[in-house]
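The chain contents come next:
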Amino acid sequence: MKYCEPFPSHYEICIENKSKSDSIVRSKLTKFTNTSWKLYSKRLSNISELDFRIGKDEFNRTNSKIIDKIISLANPTKVSLSVTSDKSLHYTFRFNNISLFIETYLHNNQPHNTYIELFDEDETIFSGTQPIELGLELIEDKFPSKNGFSSSVDYSYSKYDISNVNDVDCGDDC
Amino acid sequence: MTANYPLRLVSSEKTVDLVKSQTCNSCKLIHRINPEENLYTIGREIDPEIINFSRLCGLSLNVLICNNQSLSHICFDDDVKYSVKGENKKELAFSDFTTDSQKPQIDVIEFEYDDSIQVIGFVKSEIENILGTYPFNSKGKKGEEKEYDFNIEVIYKPTPVNVLHFEILIKGTHPTTKNKSEEFKEITGTSKKKYIESITTKIKNRIIKNNFLFEVKDHYKTVG
């Protein structure tokens with residue numbers, strides 16, 4: 001006879017809570033980065049419609065991959081995404097003393113270049129250029145949570161002011 | 001009544017020498033940004049757009065000399081809100097000041113003052129402490145690419161109408177067609193894309209990480 005536990009174990013509750021929490025973080029980060037894209041991508045459309053389209057394709061292709069990787073590392077205490085008229089998508093993630101920067105320069109006729117830097121305060125713990133998928137794998141190996149950095153950061157959405165995101169004027173794109 | 005351009009900003013050989021000797025690593029350097037630009041993103045980090053390559057390379061700055069120096073009284077937060085206009089603009093605002101013979105008559109300087117201009121600043125030593133190597137290394141690729149060094153220099157560049165004017169130079173050691181040596185030389189927009197991207201990214205990341213740009217809020221206003 002198969003034994004079924006009448007109540008979920010602590011482990012199961014923990015896993016379920018972690019999964020719920022990840023799902024909330026994912027949803028908030030997705031909303032926040034989409035709003036940032038809408039707000040700052042005008043810098044690309046001011047250059048040309050082609051540059052905007054190339055940027056949009058790259059954002060759509062990589063944003064959820066970046067968010068998934070970030071969630072698997074730790075909950076960020078601060079997040080920022082900018083689109084620059086250098087034609088780049090620039091992400092900043094803060095995890096207490098850890099800072100992670102991911103910048104992709106968009107190119108029309110050649111592969112885009114992605115540069116990743118990971119700092120523990122002033123010490124560079126990872127720095128490299130590679131396709132973004134590979135870069136995200138590489139930072140996972142170097143990320144301090146693997147070496148004792150707490151992933152249970154006191155995380156509050158108010159820290160990146162997501163409550164005000166809906167008030168941001170992003171024109172017709174919103 | 002028509003106001004004159006501020007005499008204190010007009011260069012003379014004597015003042016140029018004083019600015020040179022009284023500028024130290026702790027002095028603040030200020031820069032103008034357009035009223036519609038924001039220093040911070042909605043994520044409350046410095047917006048890397050403010051420090052993109054075309055802006056950073058040759059960036060015009062004014063010094064706010066430290067308070068313990070006699071010349072501090074001639075420096076104001078809104079000095080960068082003045083723009084020289086008219087047909088003499090090139091000669092007055094863009095040429096290097098070298099002798100007193102370039103001193104213009106104060107009442108013939110055409111200018112405008114735009115109070116809506118925003119002012120940002122940083123401490124001189126903080127930007128000059130940014131240095132590193134380029135290009136980024138690419139793990140997994142065959143043959144490691146040679147790495148070079150870059151640094152940032154803030155140079156004094158007085159013009160006839162701005163004795164407090166400085167400029168940022170980004171320098172790197174990669175050989176160029178004109179200079180094959182590996183000495184530091186100015187990096188321009190014609191350098192390899194990969195070099196420019198690597199250096200710009202590293203500068204942006206360090207400025208954002210240390211959050212050392214700040215908004216200057218008209219503490220010492222001369223107009224209005």
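The structure presented is a predicted model; accordingly, all values stated were derived computationally and were not measured. In this numbering scheme, every chain counts its residues from 1 along its sequence in written order. Labels are handed out in written order, letters beginning with A for the chains and numbers beginning with 1 for the ligands. In keeping with the predicted nature of the model, local features appear solely for residues at pLDDT of at least 70, side-chain atom pairs appear and are counted solely at 80 or more, and the whole-chain, interface and lining totals rest on all residues.

### Re the overall build of chain B
Then, in step 1: Starting at the N terminus, helices and strands are each numbered in turn, a helix being any DSSP run of H or I of at least four residues and a strand any DSSP run of E of at least two. Check the secondary structure of chain B and you find five helices and ten strands.
Then, in step 2: In terms of overall dimensions, chain B is globule-like: its C-alpha atoms have a radius of gyration of 19 Å, near the 17 Å expected for 224 residues.
Then, in step 3: Overall size of chain B, expressed as C-alpha extent along the three principal axes, is 70 × 45 × 35 Å.
Then, in step 4: Taken over 224 residues, chain B has a buried fraction of 33%.
Then, in step 5: Long-range contacts, defined as pairs at least 24 residues apart, comprise 75% of the intrachain contacts of chain B with a sequence gap of at least 6. The globule rule used here is 2.2 Å times the number of residues to the 0.38 power, and the radius of gyration it is set against is calculated over C-alpha atoms. With C-beta atoms placed from the backbone, the exposure class of a residue follows from how many other C-beta atoms lie within 10 Å of its own: 20 or more, buried; 12 or fewer, exposed; in between, partly exposed. We call two residues in contact whenever the C-beta atoms placed from their backbones are within 7 Å.

### What about the nonpolar core?
Residues and elements named next belong to chain B.
Then, in step 1: In this description, a nonpolar core means buried residues of the types Ala, Val, Leu, Ile, Met, Phe, Trp, Tyr and Cys, linked to one another by C-beta atoms lying within 7 Å. In this structure, Leu29, Val63, Leu64, Cys75, Val161, Leu164 and Ile199 are the most contacted members of the largest nonpolar core, which totals 38 residues.
Then, in step 2: Secondary-structure elements contributing two or more residues to this core are strand S1 (28-33), strand S2 (60-64), helix H3 (89-94), strand S7 (148-156), strand S8 (165-172) and helix H5 (193-210).
Then, in step 3: For leucine 29, the contacting residues outside a window of four places in its chain are Leu61, Val63, Gly121, Phe122, Lys124, Val154 and Phe166.

### Focus on the interface of chain A and chain B
Accessible area lost upon the coming together of the parts serves often as the stated size of an interface.
Then, in step 1: Tallying the contact residues gives 31 residues for chain A and 24 residues for chain B.
Then, in step 2: Listed by contribution, the elements that provide at least two residues to the side of chain A that touches chain B are helix H1 (10-40), strand S1 (78-84), strand S2 (88-95), strand S3 (98-105), strand S4 (113-120), strand S5 (123-129) and helix H4 (132-142) of chain A.
Then, in step 3: The greatest single-element share of the side of chain A that touches chain B, amounting to six residues, is contributed by S1 of chain A.
Then, in step 4: When residue character is reported, Ala, Val, Leu, Ile, Met, Phe, Trp, Tyr, Cys and Pro are called nonpolar, Asp, Glu, Lys and Arg charged, and the others, Gly included, polar. The residue inventory of the side of chain A that touches chain B, partitioned by class, reads twelve nonpolar, 13 polar and six charged.

### Quick notes on the sheet that holds S4 of chain A
Residues and elements named next belong to chain A.
Then, in step 1: Any two strands with at least two DSSP-identified bridges between them are counted as paired. An order of S1-S2-S3-S4-S5 is seen for the five strands of this open sheet, with the pairing classed as antiparallel. Each end of this open sheet is capped by a strand with a single partner; those strands are S1 and S5. Within this sheet the neighbouring strands show an average axis-to-axis angle of 10°, counted without direction.
Then, in step 2: Direction of pairing for S3 relative to S4: antiparallel, over a ladder of eight bridges. The partner of tyrosine 105 across the bridge, within S4, is asparagine 113.
Then, in step 3: Think of each axis as a best-fit line through the C-alpha atoms, taken over the contacting stretch in the case of a helix, with angles from 0 to 180 degrees between the N-to-C directions. Here helix H3 (residues 49-73) sits on the sheet and contacts S1, S2 and S3; the angle it forms with S2, its principal contact strand, is near 15°.

### Details of the environment of proline 6 of chain B
All names here are of chain B.
Then, in step 1: Within the element layout of this structure, proline 6 appears in the segment before helix H1 (13-22).
Then, in step 2: Here proline 6 falls in the partly exposed class, since 19 other C-beta atoms lie within 10 Å of it.
Then, in step 3: The sequence separation of proline 6 and aspartate 79 amounts to 73 residues, and the corresponding C-alpha distance is 9.1 Å.

### Considerations on the confidence of the model for chain B
Detailed reading of the predicted coordinates is not advisable wherever pLDDT is low.
Residues and elements named next belong to chain B.
Then, in step 1: For every residue, the predictor assigns a confidence score, pLDDT, that lies between 0 and 100. Confidence in the prediction for chain B averages 92 pLDDT; 94% of positions are at 70 or higher.
Then, in step 2: For chain B, per-element mean pLDDT is lowest for helix H2 (residues 53-56), which scores 84, and highest for H1, which scores 98.
Then, in step 3: Both scores are available for the predicted complex, with the pTM at 0.86 and the ipTM at 0.90.

### Quick look at the environment of asparagine 137 of chain B
Then, in step 1: Structurally, the position occupied by asparagine 137 of chain B is in the loop between strand S6 (131-134) and S7.
Then, in step 2: Spatially, the C-alpha atoms of asparagine 137 of chain B and serine 198 of chain B are 9.7 Å apart, while their sequence positions differ by 61 residues.
Then, in step 3: With residues near it in sequence (within four places) discarded, asparagine 137 of chain B still touches Gly128 of chain A together with Glu144 and Glu145 of chain B.

### Points about the packing of H3 of chain A against H4 of chain A
Residue and element names in this part refer to chain A.
Then, in step 1: At a closest axis distance of 11 Å, the pairing of H3 and H4 adopts a crossing angle of 5°. One element, H3, and the other, H4, form an angle in the roughly parallel class. Facing H3, whose interface residues are Thr62, Lys65, Ile66, Lys69 and Leu73, H4 presents Ile132, Glu133, Leu136 and Glu140.
Then, in step 2: In terms of residue class, the contact of H3 with H4 is built from four nonpolar, one polar and four charged. Here the word oblique covers every angle except those under 35 degrees (roughly parallel), over 145 (roughly antiparallel) and from 65 to 115 (roughly perpendicular).

### Let's talk about the environment of isoleucine 71 of chain A
Residues and elements named next belong to chain A.
Then, in step 1: Along the chain, isoleucine 71 turns up in helix H3.
Then, in step 2: Residue classification places isoleucine 71 among the partly exposed residues on the basis of 17 C-beta atoms within 10 Å.
Then, in step 3: Leaving out residues up to four positions away in the same chain, isoleucine 71 has contacts with Asp22, Val25 and Arg26.

### A look at unusual backbone geometry
Then, in step 1: For the bond running from tyrosine 134 of chain B to proline 135 of chain B, omega is -10°, close enough to zero to count as cis.
Then, in step 2: Among the structural elements, proline 135 of chain B can be located in the loop between S6 and S7.
Then, in step 3: Positive phi values are uncommon outside glycine, yet asparagine 96 of chain A reaches one of about 50°.
Then, in step 4: Mapped onto the elements, asparagine 96 of chain A comes out in the loop between S2 and S3.
Then, in step 5: The partly exposed category is assigned to asparagine 96 of chain A, around which 16 C-beta atoms lie within 10 Å.

### Let's talk about the confidence of the model for chain A
All names here are of chain A.
Then, in step 1: Averaged over all residues, the pLDDT of chain A is 82; the fraction at 70 or higher stands at 72%.
Then, in step 2: Taking the mean pLDDT of every element in chain A, the minimum, 82, falls on H1 and the maximum, 98, on helix H2 (residues 42-45).
Then, in step 3: A low-confidence stretch, residues 147-174 (pLDDT under 50), is modelled with 37 contacts involving residues beyond four sequence positions or located in other chains.

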